[in-house]
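# Working through the structure, step by step
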Amino acid sequence: MKKIEAIIKPFKLDEVKEALQEVGLQGITVTEAKGFGRQKGHAELYRGAEYIVDFLPKVKIEIVIGDDLVERAIDAIRRAAQTGRIGDGKIFVSNIEEAIRIRTGESGLDAI
Ligand SMILES: Nc1ncnc2c1ncn2[C@@H]1O[C@H](COP(=O)(O)OP(=O)(O)OP(=O)(O)O)[C@@H](O)[C@H]1O
């Protein structure tokens, strides 16, 4: 199992959700987030050190899926979230060791 975390522009959330549903995903977690990438923040000096300020609103989505769906999910997110402008976001993929459905105790792929 893998977890895909994607930081996207908030107005792209509905399109990304629909694209992921077409891939066949059942569950998704969405969090309002703030952040900056390479260009978006601007640097300010504070007590001699340079800090990046200016967090921009973003949405973070998290999905846990079987390995077989990872490439399709990444493609779906990219297609739906891309505007071609800076700040389109990032996709991070990590391993998930275990998943448990609390109601039934099912685990692994059966739990997602
Ligand atoms: N290395 C990172 N670690 C954690 N979050 C990140 C990282 N890079 C970007 N993010 C998150 O993703 C959001 C969007 O990043 P953004 O698309 O601006 O990255 P970028 O590297 O500047 O790419 P681009 O050149 O397309 O703008 C950021 O606001 C931040 O929330």
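Residues numbered from 1 in each chain as written. Predicted model: local features only at pLDDT ≥ 70, side-chain atom pairs only at ≥ 80, totals over all residues. Heavy atoms only, no water.

This part is about the overall build of the protein chain. For the protein chain, the helix and strand inventory stands at 2 helices and 6 strands. If you list the helices and strands of the protein chain from N to C, you get β-α-β-β-β-β-α-β. Contacts spanning at least 24 positions in sequence make up 72% of the contacts within the protein chain whose residues lie at least 6 apart. Just so you have it, the protein chain exposes about 7,900 Å², and 48% of that area is on carbon and sulfur atoms. (Helix = DSSP H or I, 4+ residues; strand = E, 2+ residues; numbered from the N terminus. Contact = heavy atoms within 4.5 Å. Areas by Shrake-Rupley, 256 points an atom, 1.4 Å probe, with all protein chains shown as cover.)

Looking now at the pattern of salt bridges. Considering all chains together, one arrives at 6 salt bridges under this definition. Notably, a salt bridge pairs D88 with K9, separated by 3.1 Å at the nearest N-O pair. Linking D88 in the loop between α2 (70-81) and β6 (89-95) with K9 in the loop between β1 (2-8) and α1 (13-23), this pair joins segments that are 79 residues apart in sequence. Assessed through its relative accessible area of 16%, D88 is described here as buried. Close ionic contact of E106 with R101 constitutes a salt bridge, the shortest N to O distance being 3.0 Å. (Salt bridge = Lys/Arg side-chain N within 4 Å of Asp/Glu carboxyl O. Buried < 20%, exposed > 50% of the residue type's maximum accessible area, 1.4 Å probe, protein only.)

All right, on to the nonpolar core then. By size, the foremost hydrophobic cluster in this structure holds 20 residues, and its most contacted members are I4, V16, L20, I61, I63, I65 and I77. Elements with a minimum of two residues in this core: β1, α1, β5 (56-65) and α2. The greatest single-element share of this core, amounting to 7 residues, is contributed by α2. (Core = buried A, V, L, I, M, F, W, Y, C linked by side-chain atoms within 4.5 Å.)

This part is about the site of the ligand. The environment of the ligand is formed by 13 residues, the closest being G35, R38, G87, G89 and K90. In this structure, an oxygen atom belonging to the ligand sits 3.3 Å away from a main-chain N or O atom of G35. One of the side-chain N or O atoms of K90 is found 2.8 Å from a nitrogen atom in the ligand. Contact with the protein chains removes 73% of the 610 Å² of surface that the ligand exposes when unbound. Considering every element that reaches the shell around the ligand, the biggest residue donor is β6, with 3 residues. (Near = heavy atom within 4 Å. Polar contact = N/O pair within 3.5 Å; in protein donor to acceptor, adjacent residues only side chain to side chain.)

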